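Spelled out, the chains give:
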Amino acid sequence: MTRNHPQRRADSLAATQDPGMVAVRGILTRLRKRSGLSLDRLASTEIDTTTLLQLSVVRRYAHLSGMTTAAALPKVISHVARRLPPTQQLIVDAELRLGLLRDLPPAGIDLDRLYGPDLGERRRYLTEQWQRLHHALLVAEPPAAPTVRTLRDNPEVRAFTALAELLSSGSELDIAGMARLDAGHDPAARSCPTVAVVGDAATDQINVVESFPVPGASSWGDFRRHPGGKGLNRAVALARLGLDARLIAAIGADEDGRAIESYLRDRHVDTSLLKVILGAHTPVATVIMLLTGESASIAFKQDRLRLSAADLDSAAMRQALTCSDAVVVTFEQAIDVVAEVLAIVDIGRPRPWLIVNASPPTVLPGHLHEHLAAVDYLVGTAEEVAATWPGSSCEVSTERLLRRGVGAVCIVDGFGCTIRSSTIELRVPHVSLRDSSAGASSAFSAALVYRLTTTKRAAQEADFRWATAAISARSPGRDIPESMPSVSRIDRFLDSGNLNEHSVIGEKPDRPG
């Protein structure tokens, strides 16, 4: 006589299923034993729940709700379980003791038995009340009730597989809506615009010196380490302006990587999309900075930790890139990844604002040109814009970018900005209150995104003036991310009259041949 073995069946299915989903399912099926899923169980269990706590949907909910991932996990699982078909919902609800029916107890159902402390008893009561429980979920014709033995075969495997697939993929899950609902707010009402930033996160080893030392000489100075990276700087700048900033980057599973995660969380940047690579070292850049703020950098020579095109295939990543209000991209990631990001953003409906920061200086390969029409604003220094085409000047490269569909090119030079589109050229000069240009593009880009996402229209002269004012509104004498200004600081700077009152607007000159 042949006997069915649920574990063997699950193992055979695992051979053709996503390993991440299989790992999540395995932990969930272990957690259902005895008292099921609860905060107390998570705090005392010997089961390693790290995989569950690191799920992007759990980290995203924790970020939005201001709680730990352990506190967020049961809430997220309960929300996701409600999206399952009725039979699968009833199985995971009873076996994990989620209590989904406690708010509206069905008539004739003893919830103390359905959510009792013993898994075997929960299974028995579930099968006994099968028809009535399905009717409570408005199922007109429930499937035939299983026995406890048959329940443990296909129905349980399928239910926990479906739950694990939703949790691991994040497909079409409105985590922000879940968090708003649990906070007592309208789940459809968005509190602030969301911005996804694709770039780098690194550790800056900063040496502040009186003068750059020459060979054979020494210089007095000071030393400190601080999180940095162009992607990180922009994410922090956006969060400082009150936006929901999400950083998409790769870091190592080392002390520097953990410090970066902690730093970002403290500054209200969502870290749920950070890729943490085991056995890798988070990049370190050495910065030599004068007291005036001028600096020179020594780049990390080893292969940088980067995202791959495969990383962008996850449902959570694609949702972030297509459903955010804006996407900011630097050239720190591999150019193929940048091209893929541009292609993904372009399919969003409605399409997010797309702001590309041409930093570090990068020659754009031919296969990226086809995606330039998706770019609303390209921001960079004159040198960075010029570098997008080999051997070209800033003027020539700007014309080529506009011809290929870029909405506008914003050239940040010193403490002013020139904005050029296919029809107009706008110059916004102003008096600088700082000697350093470090962080100028980060401040300008974040402020421009703030105006785009809060006004919900293309930038006008007043928006460019506000974004330019953000450059000088930075706090002096601080590390780049810490120098980024708040909305009130930018407004105060404009009100003080320090910005030049006369922007120069002119018709776009004829393009050179």
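The text that follows walks through the structure, step by step, so that each part is easy to find. Just so you know, these numbers come straight off a predicted model, no measurement behind them.

**Describing the sheet that holds strand β8 (residues 295–298)**
Pairing within the open sheet is mixed, and its 4 strands lie in the order β3-β2-β7-β8. The open sheet has two edge strands with one neighbour each: β3 (221–228) and β8. Each strand axis lies, on average, 20 degrees off the axis of its neighbour in the sheet, ignoring direction. The pairing of strand β2 (residues 202–209) with strand β7 (residues 284–290) spans 7 bridges and is classified as parallel. Bridge assignment links V209 to a residue of β7, and that residue is L290. Lying over the sheet, helix α15 (residues 255–266) contacts β2, β3 and β7, oriented at roughly 70 degrees with respect to β3.

**Let's talk about the pattern of salt bridges**
If you walk through the whole model with that rule in mind, you get 26 salt bridges. Notably, a salt bridge pairs R123 with E156, separated by 2.7 Å at the nearest N-O pair. On the criterion of sequence distance, the pair formed by R123 in helix α9 (residues 119–128) and E156 in helix α12 (residues 154–169) is long-range, its members being 33 residues apart. Looking at R123, the relative accessible area reads 8%, which means it is buried. Overall, E156 belongs to the buried group, its relative accessible area being 3%. Note that R246 is salt-bridged to D270, the shortest N-O span being 2.8 Å. Note that R246 is positioned in strand β4 (residues 244–248) and D270 in the loop between α15 and β6 (275–277), a separation of 24 residues in sequence. Residue R246 shares its accessibility class with D270, and that shared class is buried. Salt bridges linked by common partners bring R32, E95, R123 and E156 together as one network.

**Description of the pairing of strand β13 (residues 416–421)**
Across the 6 residues of β13, 6 count as buried, placing the element largely inside the fold. Alternating positions in β13 separate into two faces, G416, T418 and R420 on one and C417, I419 and S421 on the other, with burial throughout. Pairing of strand β12 (residues 408–413) with β13 involves 6 bridges; the strand directions are antiparallel. Following the sheet pairing, I411 is matched in β13 by T418. As judged from the 4 bridges shared by β13 and strand β14 (residues 424–428), these two strands associate in the antiparallel manner. When the bridges of β14 are listed, R420 appears paired with E425.

**Focus: α12**
Across its 16 residues, α12 extends 22 Å between first and last C-alpha, which sits within 8% of the 22 Å expected from 1.5 Å per residue. Residues E156, V157, A159, F160, T161, A162, L163, A164, L166 and L167 constitute the buried set of α12. G170 lies just past α12 and shows a positive phi near 70 degrees.

**A closer look at the nonpolar core**
The nonpolar side chains of a soluble globular protein tend to be buried, and buried together. Within the largest apolar cluster, 53 residues are counted, with the highest numbers of intra-cluster contacts made by L247, F444 and F464. Ranked by residues supplied to this core, first place goes to helix α21 (residues 440–455) with 9 residues. Filtering out sequence-adjacent residues up to four positions away, F464 remains in contact with Y377, C410, I419, L426, V428, F444, L448 and A459. Counting residues in hydrophobic clusters, the runner-up holds 50 residues, among them L53, A159, A162 and L173.

**Quick word on the packing of helix α6 (residues 69–81) against helix α13 (residues 175–182)**
Running from amino to carboxyl end, α6 crosses α13 at an angle of 110 degrees, the nearest separation of the two axes being 11 Å. What the angle tells us is that α6 and α13 run roughly perpendicular. Of the two possible hands of crossing, α6 and α13 adopt the one that is right-handed. For the pair α6 and α13, the contacting residues are K75, H79 and V80 in the first and M178, L181 and D182 in the second. Taken together, the residues of the contact of α6 with α13 break down into 3 nonpolar, 1 polar and 2 charged.

**Considering the packing of aromatic side chains**
Here the structure, examined in full by the defined rule, presents 3 aromatic pairs. Here W353 and Y377 contribute two aromatic rings whose centre-to-centre distance is 6.4 Å and whose plane-to-plane angle is 45 degrees, an arrangement assigned as tilted. Pair noted here: W353 is in strand β10 (residues 353–357) and Y377 is in strand β11 (residues 377–380), with a separation of 24 residues, a long-range link. Residue class for Y377 comes out buried when judged on its relative accessible area of 6%. Where Y377 meets F464, the ring centres are 6.2 Å apart and the plane angle is 70 degrees; that geometry is what we call edge-to-face. You can see Y377 sitting in strand β11 and its partner F464 sitting in helix α22 (residues 461–472), a full 87 residues away along the chain. A network of ring pairs unites the aromatic residues W353, Y377 and F464 as a single cluster. The ring of F160 carries the charged tip of R32 above its face, separated from the ring centre by 5.1 Å.

Cut-off values and rules
Residues numbered from 1 in each chain as written. Predicted model: local features only at pLDDT ≥ 70, side-chain atom pairs only at ≥ 80, totals over all residues. Heavy atoms only, no water. Pairing = 2+ DSSP bridges. Helix = DSSP H or I, 4+ residues; strand = E, 2+ residues; numbered from the N terminus. Axes fitted to C-alpha atoms, helices over the stretch in contact; angles between N-to-C directions. Contact = heavy atoms within 4.5 Å. Salt bridge = Lys/Arg side-chain N within 4 Å of Asp/Glu carboxyl O. Buried < 20%, exposed > 50% of the residue type's maximum accessible area, 1.4 Å probe, protein only. Expected span 1.5 Å × (residues − 1). Core = buried A, V, L, I, M, F, W, Y, C linked by side-chain atoms within 4.5 Å. Parallel < 35°, antiparallel > 145°, perpendicular 65-115°, else oblique. Left-handed = near helix turned anticlockwise from the far one by under 90°. Nonpolar A, V, L, I, M, F, W, Y, C, P; charged D, E, K, R; others polar. Phe/Tyr/Trp six-rings, centres within 6.5 Å; stacked < 30°, edge-to-face > 60°. Lys NZ or Arg CZ within 6 Å of the ring centre and 35° of its normal.

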